[in-house]
Amino acid sequence: MSFLKFDKTQMTNLQDAIAKEFLLTNKSGAYCSSTLVGCNIRKYHGLLVVPVENLDDENHVLLSSLDETIIQHGAEFNLGLHKYVGDNYSPKGHKYIQSFEWEKVPTWIYRIGGVLLKKEMMFRSERDRLFVRYTLLEAHSPTTLRLRPYLAFRSVRQWTHENGLADTSYDTVENGIRMRLYEGYPDLFMQLDSAESAYHHQPNWYRGLDYPKERERGYGETEDLLVPGYFEMPIRPGESIIFTASTGARACDTFQPILDEEIEKHDPRDSFYHCLVNAAHQFRQQLKGEEYIVAGYPWFKPRARDTFIAMPGLTLAIGETAQFEKYMETAAKALNDFMDEQPARVGIYEMDQPDTLLWAIYCLQQYAQYVGRRQCFEKYGDLLRKMMSFIFEGKHPNLFVHSNGLLYSNGRDKAITWMNSQAYGRPIIPRSGYIVEFNALYYNAKCFFRDMLIDSGEKSNLVVAERIEEECKLFEQSFRQTFLNEYGYLLDYVDGNNRDYHVRPNQLLAIALEYSPLTLKERKAVLDIVTRELKTPKGIRSLSPKSGGYNPYYVGRQEQRDYAYHQGTAWPWLMGFYLEAYLRVYKMSGVNYIERQLIGFEEELYYHCIGTIPELFDGNPRFSGRGAISFAMNVAGILHAIRLLEKQNTED
């Protein structure tokens, strides 16, 4: 039974339904996304959105939307919905939606008088091809199906307007046409598996389409879309007709078997957990034989820090160790190229950030917890040794080990942590010096590496392990003296005489990781203040409400949002570390508490982009979801927490 299901009352309530979005992706980096009622409300929305490498490294909207019209006895019933300037909606086809559910594929049921029409949508996993299958379930009179495509041919970050440069000509292909509005773009092939389909060419610009989500974000723009004409064909009760949009032609008699095969591959979305597993799969990207994790949709790319934070939750937590190894094979190339000062062979952004290596070691530590230290050391021991040496020997341009054992980084002029929002070219939060999570990750890395060396049993490794043990003792003392303040929590960063007392979530890393430089009593004190001041039902706040500059609402124009980004907004991925810290402090007595916290995320799968978790939430009620519609670190964090809970229940 589908976990994601909405009835007619929910779907015809436009104010509510238009806020619910869906996302389909494939391994090439292409995607399909809109609202459940089919009305695009973002410039990033589109039914076929693909990367066009010869233009830039952005995605481009080729097919923006597709209007369906049912015709009986000459009467036309348009099932489409578009928003135009002035809060005008047309043609309001959402009123015909009987239900929506998503078990393996998104499925709409439309009721138009005596006509009952089912629509299913699927994106091919390894090709840029969208399938839309229409099945006429009931009809008492001869019925015609008309499909009207809306074309954009633009970057997701731009707009298109009526112009004389667009090439409105077309070529016929089997049961369809191909078009290319502008030079440099691939051809768009639109085909049907119905031999009775006919294409009627009537190119026309539809002006003034409006995107309210962009207006909310300060981009008050509209655009025009080209409708080249329409496809029309009879459809009989019990008959299915498949429409495809793609960057390549294909024999129409292969549509049905390919669609059935793709559907069979998909796991059902029949529970909260399975929805998140499917969401985890949507971040996969495969380019030129390399496997990547997309940081989020619709505007993020593979980023180093996000990759290493998210990888364990997106793979190991759901039993996909082989996929972890594929991701790590690509990531290891990026790590080695950076450390060897060689041109990057793979497309992972921000590899030079000073905490990237620290998160990479954390990532390998998670792998070791699932497969065992020996297997991890055999597979990744050389990489691990190289990263540890690179850090300890001061080879990183902005990561230095001081005589007190702590790590120092300069972040005064450039954002260097995950709290990376900027204004006027300067970091809004200039975290610099001894940064708390950098040092928590470094201590954890040293202890992990020490234990890996001990487990190897080699005499030379044991000598190194003894040296690291002595370094860890110095580190523990320095960490407490530097970060532990008189109020019982950890300073966010210390740079000379600048001691940052803001209560932020970064201190969680010092109590959540496997190895902590703090005593149990000290960890409990840190956990208590995070619980009191930072925890929300939707994640951990980036700043305490008691702090000056607290801004919990991620709304308004770009500058307003940048200033709020890490000044009080709540982040679900941090909840995974919070719950892990809670288990480490309270053991089995924390299980019921963790279960209650996770339940709060189930309802979020019915809002925003259904079946997944958005980038962040407001830090105050109503804790509205904001930012990217699907965020890899958040999905990974919740999956990691679920796995921790399962493990705790099994062990106890």
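Residues numbered from 1 in each chain as written. Predicted model: local features only at pLDDT ≥ 70, side-chain atom pairs only at ≥ 80, totals over all residues. Heavy atoms only, no water.

Peer 1: How would you sum up the side chain of Gln285? Please name residues and give values.
Peer 2: With respect to the helices and strands, Gln285 occurs in strand S20 (residues 284-287). The class for Gln285 is buried, based on a relative accessible area of 10%. What Gln285 contacts, discounting residues up to four positions off in sequence, is Lys27, Ser28, Gly29, Glu290, Glu291, Tyr292, Val294 and Pro302. (Helix = DSSP H or I, 4+ residues; strand = E, 2+ residues; numbered from the N terminus. Buried < 20%, exposed > 50% of the residue type's maximum accessible area, 1.4 Å probe, protein only. Contact = heavy atoms within 4.5 Å.)

Peer 1: Describe the pairing of strand S15 (residues 176-179), with residues and values.
Peer 2: Judged from the 3 bridges that link them, strand S14 (residues 171-173) and S15 form a sheet pairing that is antiparallel. Bridging across to S15, Thr172 finds its partner in Ile177. Counting the residues that bridge the hairpin from S14 to S15 gives 2 residues, and of these Asn175 lies at a positive phi of roughly 55 degrees. Note: S15 against strand S16 (residues 188-192), 4 bridges, orientation antiparallel. Looking at the pairing, Arg178 lines up with Phe189 of S16. (Pairing = 2+ DSSP bridges.)

Peer 1: Account for the nonpolar core, with residues named and values stated.
Peer 2: Across soluble globular proteins, nonpolar side chains show a tendency to be buried alongside one another. By size, the foremost hydrophobic cluster in this structure holds 219 residues, and its most contacted members are Phe243 and Tyr578. Ranked by the residues each element gives to this core, the list is headed by helix H10 (residues 436-456), at 12 residues. Beyond its immediate sequence surroundings of up to four residues, Tyr578 is in contact with Leu508, Leu527, Val530, Thr531, Lys535, Ile540 and Tyr593. Counting 9 residues, the second largest nonpolar core, distinct from the first, contains Met122, Phe131, Ile242 and Phe255. (Core = buried A, V, L, I, M, F, W, Y, C linked by side-chain atoms within 4.5 Å.)

Peer 1: Describe the sheet that holds strand S29 (residues 498-499), naming the residues involved and giving the relevant values.
Peer 2: The strands that make up a sheet are held in pairs by hydrogen bonds between backbone atoms, and each pair lies either parallel or antiparallel. Across the sheet, which stays open at both edges, the 3 strands sit in the order S27-S28-S29 with antiparallel pairing between neighbours. Each end of this open sheet is capped by a strand with a single partner; those strands are strand S27 (434-435) and S29. Bridge count between strand S28 (residues 493-495) and S29: 2 bridges; the pairing is antiparallel. Note that in S29 the partner of Asp495 across the bridge is Asn498.

Peer 1: Give a detailed account of the side chain of Thr482, specifying residues and quantitative values.
Peer 2: Relative to the helices and strands, Thr482 is located in helix H11 (residues 459-483). With a relative accessible area of 12%, Thr482 lands in the buried category. When neighbours within four sequence positions are excluded, Thr482 is seen to be in contact with Leu406, Tyr434, Leu491, Val494 and Arg499.

Peer 1: Which residues make up the sheet that holds S15, and what are the values?
Peer 2: Strand order across the open sheet formed by 9 strands is S1-S9-S10-S11-S12-S19-S16-S15-S14, with antiparallel pairing between neighbours. Strand pairing shows two members of the sheet lacking a second neighbour, strand S1 (4-7) and S14, which therefore form its edges. Neighbouring strand axes in the sheet, compared pairwise and without regard to direction, differ in orientation by 15 degrees on average. Direction of pairing for S16 relative to strand S19 (residues 240-246): antiparallel, over a ladder of 4 bridges. Looking at S19, one finds that Phe189 is bridged to Ser246. (Axes fitted to C-alpha atoms, helices over the stretch in contact; angles between N-to-C directions.)

Peer 1: Which residues make up the packing of helix H15 (residues 572-586) against helix H16 (residues 591-602), and what values do they have?
Peer 2: Contact geometry for H15 and H16: axes closest at 10 Å, N-to-C directions at 170 degrees. By the angle class used here, H15 and H16 are roughly antiparallel. Every residue of H16 that contacts H15 at Pro572, Met575, Tyr578, Leu579, Tyr582 and Leu583 is listed here: Val591, Tyr593, Ile594, Gln597, Leu598 and Phe601. (Parallel < 35°, antiparallel > 145°, perpendicular 65-115°, else oblique.)

Peer 1: Just give me the short version of the pattern of salt bridges, but keep the residues and values in it.
Peer 2: Any two side chains of opposite charge can pair if their charged atoms end up close together. Going through the model one piece at a time under the given rule, you end up with 51 salt bridges. Between Glu223 and Arg154 there is a salt bridge, and its shortest N-O distance comes to 2.7 Å. On the criterion of sequence distance, the pair formed by Glu223 in strand S18 (residues 222-235) and Arg154 in strand S13 (residues 143-155) is long-range, its members being 69 residues apart. Look at Glu223 and you get buried, because its relative accessible area is 0%. On the accessibility criterion, Arg154 (3% relative accessible area) is buried. In the salt-bridge network here, residues are joined through shared partners; they are Arg373, Arg450, Asp451, Asp455, Glu469 and Glu514. (Salt bridge = Lys/Arg side-chain N within 4 Å of Asp/Glu carboxyl O.)

Peer 1: Any chance you could break down the environment of Phe390 for me, citing the residues and the numbers?
Peer 2: Along the chain, Phe390 falls in helix H9 (residues 373-392). Separated by 50 residues in the primary sequence, Phe390 and Asp340 place their C-alpha atoms 9.9 Å from one another. Those residues in contact with Phe390 that lie beyond four places of it in its chain are Phe338, Met339, Leu357, Lys395 and His396.

Peer 1: Can you explain H9? Please cite residues and give values.
Peer 2: Across its 20 residues, H9 extends only 22 Å between first and last C-alpha, which sits more than 12% below the 28 Å expected from 1.5 Å per residue. The largest bend in H9 comes to about 75 degrees, at Tyr380. Of the residues making up H9, those classed as buried are Cys376, Phe377, Tyr380, Gly381, Leu383, Leu384, Met387, Met388, Phe390 and Ile391. Contacts from the buried residues of H9 go to helix H7 (321-339), helix H8 (356-371), strand S23 (400-401), strand S24 (407-408), H10 and H11. Within two residues after H9, Gly394 carries a phi angle of roughly 70 degrees, on the positive side. (Expected span 1.5 Å × (residues − 1). Bend = angle between axes of the 7 residues up to and from the residue.)

Peer 1: An account of the environment of Phe231 is requested, with residue identities and associated values reported.
Peer 2: Relative to the elements of secondary structure, Phe231 occurs in strand S18. Taking the C-alpha atoms as reference points, Phe231 and Leu4, separated by 227 residues in sequence, lie 31 Å from one another. Each residue touching Phe231, except ones within four places of it in the same chain, is listed here: Leu145, Arg146, Leu147, Pro149, Gly176, Ile177, Met190, Leu192, Ala198, Tyr199 and Phe243.

Peer 1: Lay out H16 with the relevant residues and their values.
Peer 2: Because each turn of an α-helix spans 3.6 residues, side chains separated by three or four positions end up pointing in the same direction. The terminal C-alpha atoms of H16, which comprises 12 residues, lie 17 Å apart, in line with the 16 Å expected from a rise of 1.5 Å per residue. Within the span of H16, buried status applies to Val591, Tyr593, Ile594, Gln597, Leu598 and Phe601. Each buried residue of H16 sits inside an arc of 160 degrees when the element is viewed along its axis, so together they form one side. Of the exposed residues in H16, those oriented more than 90 degrees away from the buried face are Arg596 and Ile599. (Arc of directions from axis to C-beta.)

Peer 1: Describe unusual backbone geometry, naming the residues involved and giving the relevant values.
Peer 2: What you tend to see is this: most non-glycine residues have negative phi, and most peptide bonds are trans. Ser90 connects to Pro91 through a cis peptide bond whose omega is 5 degrees. Among the secondary structure elements, Pro91 is positioned in the loop between strand S8 (88-90) and strand S9 (97-102). The linkage connecting Pro621 with the following residue, Arg622, adopts the cis geometry, with an omega of 15 degrees. Residue position: Arg622 is located in the loop between strand S33 (616-617) and strand S34 (625-626). Backbone geometry places Lys288, a non-glycine residue, at a positive phi of 50 degrees.

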